[in-house]
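Observations on the model geometry
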Amino acid sequence: MERSPVAVDQNFSGATGDFPALLRSKGLLASAVIAPTQDAGTPQKVWQPTEATTILAFKFLGGVLVAGDRRATAGNTVVYDRADKVLEIDRHSIMAIAGVPATAWEMARVLEHSFQYFRRTQLQEMSVDGKVRALSKLLRDNFGFVMQGVGVVVPIFATYDSHPKPEPRLYFYDAMGAQFEATDYAATGSGSPAVRGILYYENNWGAKPLHKLIEDEAVSIALRALDTAAESDTSTGGVDRMGRIYPIIKIVSREGITTFPENKIAAVFKETVA
Amino acid sequence: MIEEPYRWVEAIANRREYIEAQLASGSPITALGYRDGILFLTIGQTRQKIFEIYDRIAMGAIGHPGDIERLRMAAIELASTEGFTRSAADVSLRRLVHYSLSPVMKSAFEQVYGPPYLARMLFAEVGERPSEDLFLRVEYDGEIATKGATYAQVRQDFAVLSGTRQSGELMEAFLKSQHAADASFEATLNSALEAWSIGHMSLQDSDSNELPERTAVVKYRQEQLANRGIEAALLERDASRAIRFRSLPDTELRSLIND
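Here the structure is a predicted model, which is why all the values come from computation and not from measurement. (Residues numbered from 1 in each chain as written. Chains lettered and ligands numbered in written order. Predicted model: local features only at pLDDT ≥ 70, side-chain atom pairs only at ≥ 80, totals over all residues.)

**Topic: the overall build of chain A**
On a plain count of helices and strands, chain A comes out with eight helices and twelve strands. Of all intrachain contacts in chain A linking residues separated by at least 6 positions in sequence, the fraction that spans at least 24 positions is 66%. (Helix = DSSP H or I, 4+ residues; strand = E, 2+ residues; numbered from the N terminus. Contact = placed C-beta atoms within 7 Å.)

This is the structure we're talking about:
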């Protein structure tokens, strides 16, 4: 008997809710093969992760704040000064990216569809642990490209967990897909050493620890941190005072995701940073 | 058997009779387009009958749960793949049903040595305006009935699904006179509940082919709601969100019922 044009069979991936598996079965998700190349044995020479950007996130009184600068670079060249690296995945989840934009945005797209596909097929929301693991798996599958010197992505994932107790959750990853839960803050990208220093200092010896900050204070610290990163890291845009380009700042709370409006960022910047 | 045309026709007719009998007890589902979206509603089922398919598409179904699941999964797979490779705006209910689901159901129905899909489905896609809402009903044999957004007929802002043709026709007759595309949510909810009651009454008493008295409908609805729950979902017209589907809990609706 001839197969129908639409495969409505028993082995559909819908039964498990696995969207990447569905994409792979249709040949829509490329995965790199980790094969020995001429440079085998010295992968460090091929793999030079630059992750040229600065992304930071920390927990504060109102949830998790995630901020990212707007600069996209290729080597020494600034190619774009309005890049959005803080991406909304669903109503309560944000993925912020440092790394190769093409891979990162594709990953965000797969992730977004995965969560929705799971909810629609399984008739229940994917757990936070499941979501965190899904991103980890995408990074792991991408590692072949990383080894070939293209496509490195090092993300931060922020979400709000309603079960068992309502609380914000924050994770950072390495390029191979290892996931680490951050208790207070996380930073990634080429400007992250400076940011990490500031957040560590603020958290221990600042006026208040990070988790006690109110919204405006949190935004102020995020802006100061990004500005500091931009001071020494050419790949980080920080705040463009001439062009009035401000970082993207989003907040994940129990109610969902809110984007901190640009005019309010400008006001906080003028008052406490500039 | 299928080498002989007459035997094939007979086999198909038997199969149709068998499926119609199986579906005849299926409790009605209504989908009503109104000002702020489309309301899907049914009453008192043990298993879920209204489902989210994609950002702007929902489905209600009666039939065998195994068949409904296979078709639901297929619809979600097709919509998700299209939404991922192109964009959410390219996912279209018309294409999904006409090019993918209907042909599959037709061939399953007509291949008399294989099992048919024992299911009747109602799909709706919410548009930017009520005039862009699309309702499609798909039968077990792949037949498609369209309500709204068609070229040849007067458009209707609702669609119904029921176990028998007579039950569905009575519900449609009622909604044609009672429901308007610019109705409020509350009015829409009450129309949906009454339409369901009319359809369900017809399933219990198939002799009557006229609309029952209003007082009888209200009484029936009150009896049914006393010990059964409302299953309802919305496709919201609000364009600020990508995902328009939202389940409505029973408790949120009860206070809005007019008695």
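**Quick notes on the overall build of chain B**
In terms of helices and strands, chain B carries seven helices and ten strands. Relative to a compact globule of 259 residues, whose C-alpha radius of gyration would be 18 Å, chain B shows 18 Å and is just as compact. Here the C-alpha coordinates of chain B stretch approximately 60 × 50 × 35 Å along the principal axes. For chain B, the proportion of its 259 residues judged to be buried stands at 46%. Excluding contacts between residues fewer than 6 apart, the proportion of contacts in chain B whose partners are at least 24 apart in sequence is 64%. (Rg over C-alpha atoms; globule rule 2.2 N^0.38 Å. Buried ≥ 20, exposed ≤ 12 C-beta atoms within 10 Å, placed from the backbone.)

**Focus on the interface of chain B and chain A**
Chain B puts 18 residues into the contact, and the matching count from chain A is 18 residues. Secondary-structure elements contributing two or more residues to the side of chain B that touches chain A are strand S3 (50-54), helix H2 (65-85) and helix H3 (93-110) of chain B. With eleven residues, the top contributor of residues to the side of chain B that touches chain A is H2(B).

**Examining the sheet that holds strand S6 (residues 93-99) of chain A**
Strand pairing within a sheet occurs via backbone hydrogen bonds; the two strands may be parallel or antiparallel. Residues and elements named next belong to chain A. Reading across from one edge, S5-S6-S7-S8-S9 is the order of the five strands in this open sheet, with antiparallel pairing throughout. Edge strands, defined here as strands with exactly one partner in the open sheet, are strand S5 (86-90) and strand S9 (179-181). Strand-to-strand twist across the sheet, computed as the mean angle between neighbouring axes with direction ignored, equals 25 degrees. As defined by bridge partners, S6 adjoins strand S7 (residues 153-161) across seven bridges and the pair is classed as antiparallel. Looking at S7, one finds that Gly 99 is bridged to Val 153. Relative to S5, helix H3 (residues 101-122) is tilted by about 20 degrees, and along the sheet it contacts S5, S6 and S7. (Pairing = 2+ DSSP bridges. Axes fitted to C-alpha atoms, helices over the stretch in contact; angles between N-to-C directions.)

**Considering the confidence of the model for chain B**
When pLDDT is averaged along chain B, the result is 91, and 95% of the positions lie at 70 or above. Interface confidence for the predicted complex, given as ipTM, is 0.91, next to a pTM of 0.89. (pLDDT = per-residue confidence, 0-100.)

**Here we look at H3(B)**
Residues and elements named next belong to chain B. Compared with an ideal rise of 1.5 Å per residue, which puts 18 residues at 26 Å, H3 spans 24 Å between its outermost C-alpha atoms and is within 8% of the ideal. Along H3, the sharpest kink reaches roughly 35 degrees, centred on Leu 101 and followed within four residues by the proline Pro 103. Residues Leu 93, Leu 96, Val 97, Ser 100, Leu 101, Val 104, Met 105 and Phe 109 constitute the buried set of H3. (Expected span 1.5 Å × (residues − 1). Bend = angle between axes of the 7 residues up to and from the residue.)

**Quick look at the packing of helix H5 (residues 185-204) of chain B against helix H6 (residues 214-227) of chain B**
All names here are of chain B. Where H5 contacts H6, the two axes come as close as 9 Å, and the packing angle between them is 90 degrees. By the criterion of interaxial angle, the relationship of H5 to H6 is roughly perpendicular. Taking contact as the criterion, the partners of Leu 193, Glu 194, Ser 197, Ile 198 and Met 201 in H5 are, on H6, Val 217, Tyr 220, Arg 221 and Gln 224. Taken together, the residues that form the contact of H5 with H6 break down as five nonpolar, two polar and two charged. (Parallel < 35°, antiparallel > 145°, perpendicular 65-115°, else oblique. Nonpolar A, V, L, I, M, F, W, Y, C, P; charged D, E, K, R; others polar.)

**Points about the sheet that holds strand S10 (residues 185-188) of chain A**
Residues and elements named next belong to chain A. Strand order in the open sheet made by the five strands is S10-S1-S2-S11-S12, with antiparallel pairing throughout. Of all strands in the sheet, those bounded by a partner on one side alone are S10 and strand S12 (256-259). The mean inter-strand angle of the sheet, taken between neighbouring strand axes irrespective of direction, is 15 degrees. The sheet contact formed by strand S11 (residues 248-253) and S12 spans four bridges and is antiparallel. For Lys 250, the partnering residue across the bridge sits in S12 and is Thr 259.

**Focus on the environment of A:Met126**
Residue and element names in this part refer to chain A. One can find Met 126 in the loop between H3 and helix H4 (128-141). Judged by local crowding, Met 126 falls into the buried class, with 20 C-beta atoms found within 10 Å. Along the sequence, Met 126 and Ala 225 sit 99 residues apart, while their C-alpha atoms lie 33 Å from each other.

**Concerning H3(A)**
When the terminal C-alpha atoms of H3(A) are compared, their 31 Å separation across 22 residues agrees well with the 32 Å that a helix rising 1.5 Å per residue should span. Immediately downstream of H3(A), the backbone of A:Leu123 shows phi near 60 degrees, a positive value.

**Overview of unusual backbone geometry**
All names here are of chain A. Here His 163 and Pro 164 are connected by a cis peptide whose omega angle stands at -10 degrees. Counting through the fold element by element, Pro 164 comes out in the loop between S7 and strand S8 (167-173). Here Leu 123, not a glycine, exhibits a phi torsion of approximately 60 degrees, which is positive. Looking at where Leu 123 falls in the secondary structure, it is placed in the loop between H3 and H4. Although it is not a glycine, Arg 244 adopts a positive phi angle of roughly 50 degrees. Within the secondary structure, Arg 244 is located in the loop between helix H7 (215-232) and S11.

**Details of the nonpolar core**
Formed by 149 residues in total, the largest nonpolar core has its most connected members in A:Leu56, A:Ala57, A:Leu65, A:Ala222 and B:Ala58. When residues no more than four places from it in sequence are discounted, the contact partners of B:Ala58 are B:Phe40, B:Ile50, B:Phe51, B:Glu52, B:Ile53, B:Ala124, B:Ala233, B:Leu235 and B:Phe245. (Core = buried A, V, L, I, M, F, W, Y, C linked by C-beta atoms within 7 Å.)

**What to know about the packing of H3(A) against H2(B)**
Interhelical geometry of H3(A) versus H2(B) gives an angle of 165 degrees and a closest axis separation of 11 Å. In terms of axis orientation, H3(A) runs roughly antiparallel to H2(B). Relative to H2(B), H3(A) is oriented so that their crossing is right-handed. Seen from H3(A), the contacting residues are A:Arg109, A:His113, A:Tyr117, A:Arg120 and A:Thr121; seen from H2(B), they are B:Met73, B:Ile76, B:Ser80, B:Gly83 and B:Phe84. (Left-handed = near helix turned anticlockwise from the far one by under 90°.)

**Section: the pairing of S11(A)**
Residues and elements named next belong to chain A. In terms of residue burial, S11 counts as a mostly covered element, since five of its six residues are buried. Pairing of strand S2 (residues 63-68) with S11, which is carried by five bridges, proceeds in the antiparallel orientation. Among the inter-strand pairings, Val 66 is bridged to a residue of S11, identified as Lys 250. Hairpin connection, S11 to S12: the antiparallel pair is bridged by two residues.

**What to know about the environment of B:Leu256**
Residues and elements named next belong to chain B. Within the fold, Leu 256 resides in the segment after helix H7 (250-254). The partly exposed category is assigned to Leu 256, around which 14 C-beta atoms lie within 10 Å. A C-alpha to C-alpha distance of 9.0 Å links Leu 256 and Ala 187, two positions 69 residues apart in sequence. Beyond its immediate chain neighbours, meaning those up to four positions away, Leu 256 contacts Glu 186 and Leu 189.

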